[in-house]
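Structural overview
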Amino acid sequence: MRLIPSKKILALTLLLLSPHGTNAECPDLLALRSDFITSELFEANQLNNFYYEQLYHDIAQVGAKCQTLNVTSSDSDDGVINMAFSVKYGPVPFTINEIYTPTKAGPGLFNKNADMPGGKLLTLPTVVMDVAPDYSTMTLYSCLELPGSNAVRELVIATIDPEPSDETVQALIETAIDAGVDIKREDIKAVDYCP
Ligand SMILES: *[C@@H]1O[C@H](CO)[C@@H](O)[C@H](O)[C@H]1NC(C)=O
């Protein structure tokens, strides 16, 4: 019989002692923003473009493929951004219209809703953590605390280039984790490019 390594016992004990653990709490979304986002240079309407999702953490995207985001800001100057999120589950493609309404908390901080029945019920506080200075990449993080449960967390890293280099993708993931994204690297999934 093999002995259970003591580290495992320790980890298990810690898990049992903290049913709400750190998973229940969201980080300070404002603190995740890069210098570019907090500077006066960032203009959310510059995100208007067609992006290919490269990496994600999102329960709702399990089993999804070919995720893309068509970003358009509304005509009025209310700062609202629309993202037509297209995805395939199996052979069936469909599009969810996501609406990002700016908050007064600070530049880059939005409330995200889906434009579909019930979509207004779930409002996900979302931060544009980082963009490339030419807006060719974007990193979005959402977190919503739920009573008595783990928080809902989403991470989306997308690029205009459908097939960026591994180095580019790796650098984006490093930057997000260094900035304080509380998602384990192995829980961040890659999107396969679909021509
Ligand atoms: C992106 O959305 C705009 C506005 O709805 C539309 O005109 C355009 O065709 C879309 N682009 C793609 C590649 O789907």
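Refer to the structure presented above.
First, a word on what this report is: a plain description of the structure on this page. (Residues numbered from 1 in each chain as written. Predicted model: local features only at pLDDT ≥ 70, side-chain atom pairs only at ≥ 80, totals over all residues. Heavy atoms only, no water.)

1. Digging into the pairing of strand β2 (residues 64-73)
Counting buried positions along β2 gives seven out of ten residues, so the element sits mostly inside the fold. Looking at chain direction, strand β1 (residues 49-57) and β2 are connected through four bridges and run antiparallel. From the neighbouring strand, Y52 faces β2, where its bridge partner is T68. Between β1 and β2, which pair antiparallel one after the other, the connecting turn spans six residues, and G63 there sits at a positive phi close to 85°. Here β2 pairs with strand β3 (residues 81-89) via eight bridges, running antiparallel. Of the residues in β3, the one forming a bridge with N70 is A84. (Buried < 20%, exposed > 50% of the residue type's maximum accessible area, 1.4 Å probe, protein only. Helix = DSSP H or I, 4+ residues; strand = E, 2+ residues; numbered from the N terminus. Pairing = 2+ DSSP bridges.)

2. With respect to the side chain of Q67
Checked against the element boundaries, Q67 lands in strand β2. In this structure, Q67 is in contact with Y52, E53, Y56, Q61, F85, S86, V87 and V191, ignoring residues within four places of it in sequence. (Contact = heavy atoms within 4.5 Å.)

3. Thoughts on the state of the cysteines
Put plainly, two cysteines are in a disulfide when a covalent bond ties their sulfur atoms together. Applying the stated rule across the entire model yields two disulfides. What pairs with C26 in a disulfide is C143, and their sulfur atoms sit 2.1 Å apart. The sign of the -85° torsion about the S-S bond sets the C26-C143 disulfide as left-handed. Here C26, found in the loop between α1 (6-17) and α2 (35-38), pairs with C143, found in strand β7 (residues 137-144); they are 117 residues apart in sequence, far enough to count as distant. Using a relative accessible area of 4% as the deciding quantity, one classes C143 as buried. The disulfide bridge from C66 ends at C194, spanning 2.0 Å between sulfur atoms. On the sign convention where negative means left-handed, the S-S torsion of about -80° between C66 and C194 marks this disulfide as left-handed. With a gap of 128 residues between them, C66 in strand β2 and C194 in the segment after β9 (189-190) connect regions that are remote in the sequence. On the accessibility criterion, C66 (16% relative accessible area) is buried. Residue class for C194 comes out partly exposed when judged on its relative accessible area of 25%. Numbered in order of appearance, the disulfide-bonded cysteines of the protein are paired 1-3, 2-4. (Disulfide = S-S within 2.5 Å.)

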